[in-house]
Amino acid sequence: MADISLTTGRLAALAGINIETVRFYERSGLISKPKRTASNYRQYPQSDVARLRFIKRAQELGFSLKEIAELLSLRAVPSRSRARVKRLSEKKLEIIDQKISDLRRMRKSLASISDACDGRGSVADCPIINALEESK
């Protein structure tokens, strides 16, 4: 069965992304440059739908475009070891855990200075502004 060609708009719709995102991924090398029709329309293979969904899902999980490119290269050779994929995943988890820790610390600090302000009076004596002006 021949691979069905898709226009940029149809590909984007099937992958659940924006047309400009398809073009961006093409420029970034995450998807191959498509064939063109005689009237210069891009014609993508059906297989790019799954590839774009993969990219989108990987981004939702926090992977950078560089990391996604590496995952795609690993995915291209199914016989390769899972070890590198596992390491990438674990590294991403460490980064996410650190961000969560940082956000909790930030929230605790902001809640503390926010609680110190009753929201009345002039900004001149605002505990939030004063706390932000303090250097550590």
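As shown above, the structure is provided for reference.
Residues numbered from 1 in each chain as written. Predicted model: local features only at pLDDT ≥ 70, side-chain atom pairs only at ≥ 80, totals over all residues. Heavy atoms only, no water.

Considering the overall build of the protein
The criterion, for reference: In DSSP terms, a helix is any run of H or I states spanning at least four residues, a strand is any run of E spanning at least two, and both are numbered starting from the N terminus. Here the globule rule is a power law, 2.2 Å times the number of residues to the power 0.38, and the radius of gyration is based on C-alpha atoms. Only protein chains enter the accessibility calculation, which uses a 1.4 Å probe; a residue whose area is less than 20% of its type maximum is buried, one above 50% is exposed, and one in between is partly exposed. Here the open area of atoms and residues is found with the Shrake-Rupley method and a 1.4 Å probe, where only the protein chains shown may cover a residue.
For the protein, the helix and strand inventory stands at six helices and three strands. Starting at the N terminus, the α and β elements of the protein follow one another as β-α-α-β-β-α-α-α-α. For 136 residues, the compact-globule estimate of 2.2 N^0.38 gives 14 Å, and the protein exceeds it by more than 25% at 24 Å. Taken along the three principal axes of its C-alpha coordinates, the protein extends 70 × 40 × 20 Å. By the burial criterion, 22% of the 136 residues in the protein qualify as buried. Looking at the protein as shown, the accessible area adds up to about 10200 Å², and 53% of this sits on carbon and sulfur atoms.

What to know about the packing of helix 3 (residues 47-60) against helix 4 (residues 65-75)
Here is the rule we go by: All axes here are fitted lines through C-alpha atoms, helices being fitted over the stretch that makes contact, and every angle between N-to-C directions spans 0 to 180 degrees. Reported orientations rely on four angle classes, namely roughly parallel under 35 degrees, roughly antiparallel over 145, roughly perpendicular from 65 to 115, and oblique for the rest. Two helices cross in a left-handed way if the nearer one is turned anticlockwise from the farther one by less than a right angle. They cross in a right-handed way if the turn is clockwise. When checking whether two residues touch, look at their non-hydrogen atoms; a contact exists if any pair is within 4.5 Å. Under the scheme applied, nonpolar residues are Ala, Val, Leu, Ile, Met, Phe, Trp, Tyr, Cys and Pro; charged residues are Asp, Glu, Lys and Arg; polar residues are all the others, including Gly.
The geometry of helix 3 relative to helix 4 is characterised by a closest axis approach of 10 Å and an angle of 135° between their N-to-C directions. Judged on the interaxial angle alone, helix 4 and helix 3 are oblique. Read as a crossing pair, helix 3 and helix 4 show a hand that is right-handed. Within the contact between the two elements, helix 3 uses Ala 50, Arg 51, Phe 54, Ile 55, Ala 58 and Gln 59 and helix 4 uses Leu 65, Ile 68, Leu 71, Leu 72 and Arg 75. In terms of residue class, the contact of helix 3 with helix 4 is built from eight nonpolar, one polar and two charged.

With respect to the nonpolar core
Grouped burial of nonpolar side chains is what soluble globular proteins tend to show. Counted only if it meets this: Among buried residues, those of type Ala, Val, Leu, Ile, Met, Phe, Trp, Tyr and Cys that are joined through side-chain atoms within 4.5 Å constitute a nonpolar core.
Judged by nonpolar contacts, the single largest core of 20 residues is most densely connected at Val 22, Leu 52 and Ile 55. Sequence-distant contacts of Leu 52, defined by excluding residues within four places in its chain, comprise Leu 11, Ala 15, Ile 17, Val 22, Tyr 25 and Ile 31.

A closer look at the packing of helix 1 (residues 8-15) against helix 3
Contact pair helix 1 / helix 3: the axes reach a minimum separation of 9 Å and the direction vectors enclose 50°. One element, helix 1, and the other, helix 3, form an angle in the oblique class. By crossing handedness, the relation of helix 1 to helix 3 is classed as right-handed. Contact residues: helix 1 offers Leu 11, Leu 14 and Ala 15, while helix 3 offers Asp 48, Val 49, Leu 52, Arg 53 and Lys 56. Partitioned by chemical class, the residues of the contact of helix 1 with helix 3 number five nonpolar, no polar and three charged.

Some words on the side chain of Asp 48
So the rule is basically this: Positive charges are assigned to Lys and Arg, negative charges to Asp and Glu, while His and the chain termini are left out of the count. Between Lys or Arg on one side and Asp or Glu on the other, a salt bridge is scored when a side-chain nitrogen of the former is within 4 Å of a carboxyl oxygen of the latter.
Mapped onto the secondary structure, Asp 48 falls in helix 3. The side chain of Asp 48 sits in the buried core without any salt bridge; Arg 51 is the nearest counter-charge, 5.1 Å away. If near-sequence neighbours (up to four positions away) are discounted, Asp 48 is found in contact with Leu 11 and Ile 31.

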